[in-house]
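Here's the letter readout for the chains.
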Amino acid sequence: MTHLALRCVCSPDFPLAGEVQVRQPDLKQYRQVVIRDSGQQDIDSGWLGSHQRLTVSSLAMALSAVEKGLGFGWLPTHDVDRKIEQGVLTPVDLAKGAIRDVRLQIGMNPDLAHVGEINTLFELFTDLVPTRQALSC
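Report follows, based on the coordinates. Keep in mind that what you see is a predicted model, and the values were worked out from it rather than measured.

Definitions and limits used
Residues numbered from 1 in each chain as written. Predicted model: local features only at pLDDT ≥ 70, side-chain atom pairs only at ≥ 80, totals over all residues. Heavy atoms only, no water. Core = buried A, V, L, I, M, F, W, Y, C linked by side-chain atoms within 4.5 Å. Buried < 20%, exposed > 50% of the residue type's maximum accessible area, 1.4 Å probe, protein only. Helix = DSSP H or I, 4+ residues; strand = E, 2+ residues; numbered from the N terminus. Contact = heavy atoms within 4.5 Å. Axes fitted to C-alpha atoms, helices over the stretch in contact; angles between N-to-C directions. Parallel < 35°, antiparallel > 145°, perpendicular 65-115°, else oblique. Left-handed = near helix turned anticlockwise from the far one by under 90°. Nonpolar A, V, L, I, M, F, W, Y, C, P; charged D, E, K, R; others polar.

## A short note on the nonpolar core
Then step 1. Of all hydrophobic cores here, the largest spans 13 residues; its most connected members are L16, L27, F72, V92 and L94.
Then step 2. If one sorts the elements of this core by residue count, strand β1 (residues 2-10) sits on top with four residues.
Then step 3. The residues touching L16, leaving out its near neighbours within four places in the chain, are C10, V22, L27, Y30, F72 and V92.
Then step 4. Counting ten residues, the second largest nonpolar core, distinct from the first, contains V33, V56, A62 and L75.

What follows is the structure, given as structure tokens:
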């Protein structure tokens with residue numbers, strides 16, 4: 001298991017860009033860009049923040065949609081920090097909780113465990129997690 005930091009961002013032209021000290025409930029009036037979860041459970045983690053959602057299938061699509069002003073999004077800091085510096089994106093000025101830390105997990109469908117390529121891919125992904133993180137989880 002590993003962690004990923006997410007920052008709430010929007011286009012400089014999006015209405016949230018001009019707001020200050022935005023509270024979490026205030027986000028519900030704006031469209032949120034959400035990356036589709038490939039999990040089998042239908043769970044709303046409570047952090048999605050908006051009744052209006054634009055659901056996309058990849059991080060690249062989410063970044064593009066947010067950059068085009070189609071909504072705000074909670075996106076990985078390592079992908080948005082440079083875009084913020086370039087003025088392409090702007091962080092939403094939240095009263096609190098500007099960064100969210102999410103845990104990422106990987107699992108394998110037991111019905112596919114016999115497929116060599118899937119096993120190899122699973123091993124490659126799990127090897128990417130540093131040993132110290134694996135031991136702390």
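## Considering the packing of helix α1 (residues 59-67) against helix α2 (residues 77-85)
Then step 1. One can describe the packing of α1 onto α2 by two numbers: an axis separation of 12 Å at closest approach and a directional angle of 30°. On the basis of the axis angle, α1 is roughly parallel to α2. Seen from above, α1 lies across α2 with right-handed handedness. Every residue of α2 that contacts α1 at L59, L63 and E67 is listed here: D79, V80 and K83.
Then step 2. Tallied by class, residues from the contact of α1 with α2 come to three nonpolar, no polar and three charged.

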